[in-house]
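# Coordinate inspection notes
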Amino acid sequence: MARIAIGGMQHETNTFAPTKASYLAFEQGGGWPGIQRGDALFAALEGANIPAQGAIEAFRAQGHQLLPLTWAAASPSAHVTQDAFESIVGDIERGLRDAVDRAEGVDAVYLDLHGAMVTEDHEDGEGEILRRVRSIVGARVPVVASLDLHANVTKAMVEHADAMSIYRTYPHVDMAETGARAAFLAMQMLATGKRPIKRHHAFSYLTGIPSQCTFIEPGKSLYELLGRLEQQHGCYLSFAPGFPMADIHECGMSVIAYGFDAGKLDQAMNAMVDAVESAEKDFALELFTPQDAIQRAMQLGSPGRPVIIADTQDNPGAGGNGDTTGMLEALLALKAQDACLGLLIDPLAAERAHEAGQGASLAFELGATSGLAGHQAVRRRFTVERLGDGRFTCTGPMFKGFRMQLGKMALLRHEGVRVAVASIKCQAADQAMFRHLGVEPIQQRLMVLKSSVHFRADFQPIAAAVIVARSPGPALADPAEFAWTKLRPGVRLHPLGKAI
Ligand SMILES: [Zn+2]
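Now for a description of the structure that goes with this document. Keep in mind that what you see is a predicted model, and the values were worked out from it rather than measured.

### Overview of the state of the cysteines
Per the counting criterion, the structure on display carries zero disulfides. Here Cys213 stays free of any disulfide, with the sulfur of Cys426 as its closest cysteine sulfur at 18 Å. Assessed through its relative accessible area of 0%, Cys213 is described here as buried. Sulfur of Cys394: no disulfide; nearest cysteine sulfur belongs to Cys426 and is 6.7 Å away. On the basis of relative accessible area, Cys394 is assigned to the buried category, the value being 3%.

### Considering the pairing of strand β6 (residues 163-166)
With burial as the criterion, each face of β6 is covered, one bearing Ala163 and Ser165 and the other bearing Met164 and Ile166. In this sheet, β6 lies alongside strand β5 (residues 143-147) in parallel orientation, the contact comprising four bridges. Its bridge partner lying in β6, Val144 is registered against Ala163. Remark: the β5/helix α6 (residues 155-160)/β6 crossover connection has right-handed handedness.

### Things to note about the sheet that holds strand β11 (residues 339-345)
Taken together, the eight strands give an open sheet; going across it, the order is β12-β13-β16-β17-β11-β18-β10-β19, and neighbouring strands pair in mixed fashion. The sheet terminates laterally at β12 (361-366) and β19 (465-469), the two strands that pair on one side only. Strand-to-strand, the axes of this sheet are offset by a mean angle of 30 degrees, without reference to chain direction. As judged from the four bridges shared by β11 and strand β18 (residues 446-449), these two strands associate in the parallel manner. Across the sheet, Cys340 pairs through a bridge with Met447, a residue of β18. Here helix α12 (residues 347-356) sits on the sheet in contact with β11, β12, β13 (378-388), β16 (409-414) and β17 (417-422), set at roughly 170 degrees to β12.

### Some remarks on the packing of helix α4 (residues 82-101) against helix α5 (residues 125-137)
One can describe the packing of α4 onto α5 by two numbers: an axis separation of 10 Å at closest approach and a directional angle of 20 degrees. Judged by the angle between their axes, α4 and α5 are roughly parallel. Taken as a pair, α4 and α5 cross one another with a handedness that is right-handed. Contact residues: α4 offers Phe85, Glu86, Val89, Glu93, Leu96, Arg97 and Val100, while α5 offers Gly125, Glu128, Ile129, Arg132, Val133, Ile136 and Val137. When the residues that make up the contact of α4 with α5 are grouped by side-chain class, the tally is eight nonpolar, one polar and five charged.

### Some words on the packing of aromatic side chains
Going through the model one piece at a time under the given rule, you end up with 10 aromatic pairs. An angle of 80 degrees between the planes, with centres 6.2 Å apart, marks the rings of Phe364 and Phe382 as edge-to-face. Of the two residues, Phe364 sits in strand β12 while Phe382 sits in strand β13, which places them 18 residues apart along the sequence. Just as Phe364 is buried, Phe382 falls in that class too. Taken together, the aromatic side chains of Trp32, Trp71, Phe399 and Phe402 make up a single cluster linked through ring pairs. Sitting over the face of the ring of Phe42, Arg60 holds its NZ or CZ atom 4.4 Å from the ring centroid.

### Concerning helix α3 (residues 51-61)
Buried residues dominate α3, accounting for eight of its 11 residues. Listing the buried residues of α3 in full gives Pro51, Ala52, Gln53, Gly54, Ala55, Ile56, Ala58 and Phe59. Here the buried face of α3 lies against β1 (3-10), α2 (40-45), β3 (65-73), β4 (108-113), β5 and α7 (175-192). The first or second residue beyond α3 is Gly63, which carries a positive phi of 80 degrees.

### So, the pattern of salt bridges
One pass over the structure, following the stated rule, counts 27 salt bridges. Between Lys450 and Asp314 there is a salt bridge, with its nearest N and O atoms 2.8 Å apart. One end of the pair, Lys450, is in the loop between β18 and α14 (456-459); the other, Asp314, is in the loop between β10 (307-311) and α11 (326-333), with 136 residues separating them in the sequence. By the burial criterion, Lys450 is buried, and Asp314 matches it.

Cut-offs and rules
Residues numbered from 1 in each chain as written. Predicted model: local features only at pLDDT ≥ 70, side-chain atom pairs only at ≥ 80, totals over all residues. Heavy atoms only, no water. Disulfide = S-S within 2.5 Å. Buried < 20%, exposed > 50% of the residue type's maximum accessible area, 1.4 Å probe, protein only. Helix = DSSP H or I, 4+ residues; strand = E, 2+ residues; numbered from the N terminus. Pairing = 2+ DSSP bridges. Right-handed = clockwise from strand over helix to strand, strands pointing away. Axes fitted to C-alpha atoms, helices over the stretch in contact; angles between N-to-C directions. Contact = heavy atoms within 4.5 Å. Parallel < 35°, antiparallel > 145°, perpendicular 65-115°, else oblique. Left-handed = near helix turned anticlockwise from the far one by under 90°. Nonpolar A, V, L, I, M, F, W, Y, C, P; charged D, E, K, R; others polar. Phe/Tyr/Trp six-rings, centres within 6.5 Å; stacked < 30°, edge-to-face > 60°. Lys NZ or Arg CZ within 6 Å of the ring centre and 35° of its normal. Salt bridge = Lys/Arg side-chain N within 4 Å of Asp/Glu carboxyl O.

So, in C-alpha cells, the structure goes:
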C-alpha cells in the first residue's frame, strides 16, 4: 500500500477576457465544487465527473492510502490573481511538505490540473505548480497530472511531471476517466520502480475551439487513431488541441507520449504528429452571423426538434462573462418564436426579478454588465415567468453529478423569446440548467446557448441541427483576431493562415 498525495488547481485562462479570477472566483467555483481542503475534498467530489474523483477511485481500488491536499477550480476568465494563486498553491505546498516530513512520507503525487492557467506573475501556471511540487518531493517520488484537452502543454510541465494524461473528448465526458488514467501511470511507476521515457511535440498552427470538438472531424478520427497507436505500440499518447486564447509563448496544440521502449514510443509519436499536421485544413470552421443563424434555425427547428445555436464568442467556459447581448437583440429583432437563450449572467436583473415576483412585468436593462466597449444592455419589458434559487444537480453526460450553485435565477419572457438569467457565471451545457426554470429544451423551436462545444454532450441528441454563430464577444472563434504579443514566432494563427 502506497501513500498518495492528491491535490489540484484548475483554471483555463483567456488572457484577452474582461475579468480576472480572484480567490472568490475559486471559492464560488462557477459550477465546480469550490475550494476543498483535506478530507472535505472526498465528499465534495464524490459522484462527479471530475479528474481527481477518477484518480481517487482508481487509487482506492488498489488499496492505496490517500493524503488529500487542497483542490480548487474556477470558471475560465482572464488571469488568475497572484493572491489567489499563492493562497491555493501555498496550501498545496504546505500540505505536501507536512506529509513529506512525517515518518511515513509520500510515495507519489497526483495533481488535477488544467494546463492553460496564466497568472498575473506566471505565464505557465501549471509549470510553476509542478516545479514547486517537484522541489518538495524530490526526484525519487513519481509526480503525475491529468490535464484538460485545452492544455497548452509547456516544456516546464513535461520536465517536472513524470507523466501527464489529457482528456480525449470535447465535450469533456472523460474527465474522471482521465484522472484514473493518470493514477494508473503513477501506480505503474510504483509497481515497477521505473520512470517512462517522455516525448513532447508542439505544433505550429492554432485552431479555434469550436473546431476542436471530438464529435466532428478531424477530432473524431485523430482520437480514434490515438487509441489505435497506443494499443499497437504499448505506450501512452495524449493530444491537446490547446487553448488558443492564452497569449503566452508556448500557446498551442501538442502531442505528448510516455512509454518504456524508445523505438516504439517514437513510432507512435511520429504517426500521431504526422496525422495532426495533415489535418490542418480540416480544422477550418463555418461560422454564421447572428441573423443568418437565427433565420436558419427558425426554418429548420420545431418544438420537439429544436435547432441549437452556439453563441461561442461569449462562452463562459472560454473566458466570456455570459453577458453579451448580440444574439438576444437579434432574436428580438427577428421576432423569433418558441426561442430560449441562456445562460445570461446578470445578478442585478436576477435580483430585480426576485423582488418583483413571478408573473410581474417590468422594464429591464439586461446584460452587458462587463463594460466591454461596444456592448449595450437590452432594454425591453419582460415578464418574470419563473424564479429559481440556482441550486440543482446536473444530469447530462458531461456535468453529471455536478451540484450547481448559480445564485438567484429567473426566466424572463418578451414575446416569443425567453431568457434564462443566472447570477454566477457558468457555461450552458446541461439541460438541467433550463429545467430548473421550467423550460424543457426539446419543446423549444430554437435555443441559443452560451457555450462553444460542451453543450453538444447533452443537447446534440435532441437537436435538428447545431449552428455556430459569431456574435461579438471576448472568446473569439478565430484566434487570428486576437492581438497576440507573446506567442512564439512562426505559429500560424489559424489553420493554413498567416504566421505571427
Ligand atoms: Zn477544456
